Amino acid sequence: AAVEAEAACTEVERASLEAKLKVTIAEVHELRKEAKVARAQGASAAASLAACEEDLAAERARQSAREVDHRRALAKVKEICATLGASKRELEGDLADSEVQLEAAREDAARAKDAAQAAEQAAEEVAAQRLEAAKAMMAELRKECAAARSATSEAE
């Protein structure tokens, strides 16, 4: 009866460990989902960077067109030379601002990518640790079951 009680206790412990293993597996899945979300955020940041680069290219094209217009105006009217120079300086300032914004967006995208990679690596490490712990618990449970079977065999 004591052996049967111990075997039943071991069975309960095994069931408990299996339940913990299922929870650990669910946590691993959740961590993987979080890593996917982090990768998606990194992709979103990269898309934002691409949009900023397109905006910068469009701004450069607009500036180029404006500069052509300004040169024509300079050839026609010398009196507005100062106005055109000021306009050109303003456009260069806008371009410089756009380049600063692009650089900031690139840095943000790089940080987001690094953060996503770090989150993914951390999730994988946690998952690996939990899997190893679950394997160790299962090995211990197997030993206990074998001991219980042996004790039951000896008792019989």
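Before reading on, note that the structure itself is shown above.
Our subject in this report is the structure included herewith. (Residues numbered from 1 in each chain as written. Predicted model: local features only at pLDDT ≥ 70, side-chain atom pairs only at ≥ 80, totals over all residues. Heavy atoms only, no water.)

## What to know about the nonpolar core
Side chains of nonpolar character tend, in soluble globular proteins, to be buried together.
So, point 1. In this structure, Ala 45, Leu 49, Leu 56, Leu 95, Leu 102, Ala 105 and Ala 109 together form the largest nonpolar core, which totals seven residues.
So, point 2. If you list the elements that add at least two residues to this core, you get helix H1 (2-76) and helix H2 (81-155).
So, point 3. Among the elements that line this core, the one with the most residues is H2, at four residues.
So, point 4. Other than its neighbours up to four places away in sequence, Leu 56 contacts Leu 95, Ser 98, Glu 99 and Leu 102. (Core = buried A, V, L, I, M, F, W, Y, C linked by side-chain atoms within 4.5 Å. Buried < 20%, exposed > 50% of the residue type's maximum accessible area, 1.4 Å probe, protein only. Helix = DSSP H or I, 4+ residues; strand = E, 2+ residues; numbered from the N terminus. Contact = heavy atoms within 4.5 Å.)

## Topic: the side chain of Glu 59
So, point 1. Among the secondary structure elements, Glu 59 is positioned in helix H1.
So, point 2. Every residue in contact with Glu 59, bar those within four places of it in the chain, is listed here: Arg 66, Leu 91, Asp 94 and Ser 98.

## Looking at the environment of Ala 133
So, point 1. Note on placement: Ala 133 falls in helix H2.
So, point 2. With relative accessibility at 38%, the residue Ala 133 sits in the partly exposed group.
So, point 3. Linking Ala 133 and Cys 145, residues 12 residues apart in sequence, is a C-alpha distance of 18 Å.

## Here we look at the environment of Ala 134
So, point 1. Inspection of the secondary structure assignment puts Ala 134 in helix H2.
So, point 2. Take Ala 134: its relative accessible area is 4%, and that puts it in the buried class.
So, point 3. The spacing of Ala 134 and Ala 57 is 77 residues in sequence and 54 Å in space, taken between C-alpha atoms.

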